[in-house]
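# Summary of the model geometry
Each chain is listed here by its residues.
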Amino acid sequence: MYQLIWSSVSAISYLGGDYTSWFESLLQFDTAEGREEAVTVCWAIWNARNALTWKGKSSSASKVVLSARVNLNQWKTAQSKKNGPLFILTGANEGREEWSKPVSNKIKVNVDGAIFASEGWYAAGGVARDCHGHLVEAFFISKPGCLEAAEVEAFGIKEALSWIKGKNWEVQFETDCLLTVQALHSSIHMLSPFGLLIQECKA
């Protein structure tokens, strides 16, 4: 699994042998970005190993890599915002922390999800507003089941995409789930329920 992980990133592949020498070679990258990614992937592998050992939760190589990149992105964003809250958007104005009107003649759709663990349900909804900030339409859907937060957010985006079909809107989507945004922008194919939802969103 470790070789699959390293083959997915810019870091050099682990081919076996002395781990200390291999790790030292990771730190010899010419760029800070390469060193940051290598160290973050090491942390993600350690985190995935702990999750498997103590919680019995396994992760695919692609999910470990995605987790590393998301956490690295979060850290960089947090540093640039000097401890301000994270809010990642899709489309224009990425990185803004408050709602903003879409550009003229566009519709902005805000999507969010919710988990009702005690009842065994999850739900998602969306609100469409025009360039004046006026409500155009909204939708809501709920289903029985237990999903993780990122899966519910991806489910919400998938449902929103189905909802806007045939409406002849020029749409800008907005969500506050960084993991889902990163997965939608990523070319990594994840063999997991979350990955399948992302693929459906991209289809």
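Counting from 1, residues in each chain are numbered in the order their sequence is written. Where local features are concerned, this predicted model is filtered to residues with pLDDT of at least 70; where side-chain atom pairs are given and counted, the filter is 80 or more; whole-chain, interface and lining totals use all residues. With hydrogens and water excluded, all non-hydrogen atoms of the structure serve as input to the side-chain values.

The protein chain goes by RNase H type-1 domain-containing protein in an unreviewed UniProt entry, where it is assigned to Cannabis sativa.

Time to look at the side chain of Glu153. Counting from the N terminus, the helices are DSSP H or I runs at least four residues long and the strands are E runs at least two residues long. Relative to the helices and strands, Glu153 is located in helix α5 (residues 149-164). For every residue, the accessible area obtained with a 1.4 Å probe (protein chains only) is divided by the maximum for its type, and the residue is called buried under 20%, exposed over 50%, and partly exposed between those limits. Counted as positive: Lys and Arg. Counted as negative: Asp and Glu, with His and the chain ends omitted from the count. Basic side-chain nitrogens of Lys or Arg form a salt bridge, by our definition, when they fall within 4 Å of a carboxyl oxygen of Asp or Glu. Here Glu153 occupies a buried position and makes no salt bridge, while the nearest side chain of opposite charge, Arg129, is found at 14 Å. Note on contacts: a residue pair qualifies if any of its non-hydrogen atoms lie within 4.5 Å across the two residues. Beyond its immediate stretch of four places on either side in the chain, Glu153 contacts Val111, Asp112, Gly113, Thr175, Asp176, Cys177 and Thr180.

Turning our eyes to something else, we now look at unusual backbone geometry. The phi torsion at Asn105 lies on the positive side, around 70°, for a residue other than glycine. Tracing the backbone through its elements, the reader meets Asn105 in the loop between α4 (61-81) and β1 (107-116). Positioned with a positive phi, Asn168 is a non-glycine residue whose angle comes to about 60°. By secondary structure assignment, the location of Asn168 is in the loop between α5 and β4 (171-174). Of the residues examined, Asn168 reaches a relative accessible area of 78% and is grouped as exposed.

Attention now goes to the pairing of strand β3 (residues 135-144). Here, strands pair whenever DSSP counts at least two bridges between them. Here nine bridges tie strand β2 (residues 121-129) to β3, and the two strands are oriented antiparallel to one another. Bridge pairing in β3 links Ala128 to Glu137. Linking β2 to β3, which pair antiparallel, is a turn of five residues; within it Gly133 sits at a positive phi near 85°.

Before going further, it helps to examine the packing of aromatic side chains. Any pair of Phe, Tyr and Trp rings, taking the six-membered ring for Trp, is counted once the centres come within 6.5 Å. Such a pair is stacked with planes under 30 degrees apart, edge-to-face with planes over 60 apart, and tilted for the rest. In the structure shown here, the tally under the stated rule is three aromatic pairs. Here the aromatic rings of Tyr122 and Phe155 are separated by 5.2 Å at their centres, their planes lie at 85°, and the arrangement is edge-to-face. With a gap of 33 residues between them, Tyr122 in strand β2 and Phe155 in helix α5 connect regions that are remote in the sequence. Note on Trp163 and Trp169: the rings are 5.7 Å apart at their centroids and 85° apart in plane angle, and the pair reads as edge-to-face. Look at Trp163 and you get buried, because its relative accessible area is 16%. Assessed through its relative accessible area of 23%, Trp169 is described here as partly exposed. Aromatic ring contacts, followed pair by pair, group Phe139, Trp163 and Trp169 into a single cluster.

This part takes up the nonpolar core. Within this scheme, the nonpolar core is defined by two criteria: the residues are buried Ala, Val, Leu, Ile, Met, Phe, Trp, Tyr or Cys, and they are joined through side-chain atoms within 4.5 Å. Counting residues in hydrophobic clusters, the biggest one holds 17 residues, and the most contacted among them are Leu66, Ala154, Phe155, Ala183, Met190, Phe194 and Ile198. Broken down by secondary-structure element, the contributors of at least two residues to this core are α4, β2, α5, α6 (178-185) and α7 (193-202). Here the limits of each domain have been adopted from an automatic or database domain assignment. Looking at which domains feed residues into this core, each of domain 1 (19-79) and domain 2 (107-202) gives three or more. In contact with Ala183, other than residues within four places in its own chain, are Leu66, Met190, Phe194, Ile198 and Lys202. The next biggest cluster of nonpolar side chains, apart from the first, holds eleven residues, and it includes Ile107, Phe139, Ile157 and Phe173.

Turning to the pattern of salt bridges, a few remarks are in order. One pass over the structure, following the stated rule, counts four salt bridges. With a shortest N-O distance of 3.1 Å, Lys158 and Glu159 are connected by a salt bridge. For the pair shown, Lys158 and Glu159 are each scored as buried. Here Glu200 ties to Lys158 by a salt bridge, and the two come within 3.8 Å at their closest N and O atoms. Note that Glu200 is positioned in helix α7 and Lys158 in helix α5, a separation of 42 residues in sequence. Residues joined in a network through salt bridges with shared partners are Lys158, Glu159 and Glu200.

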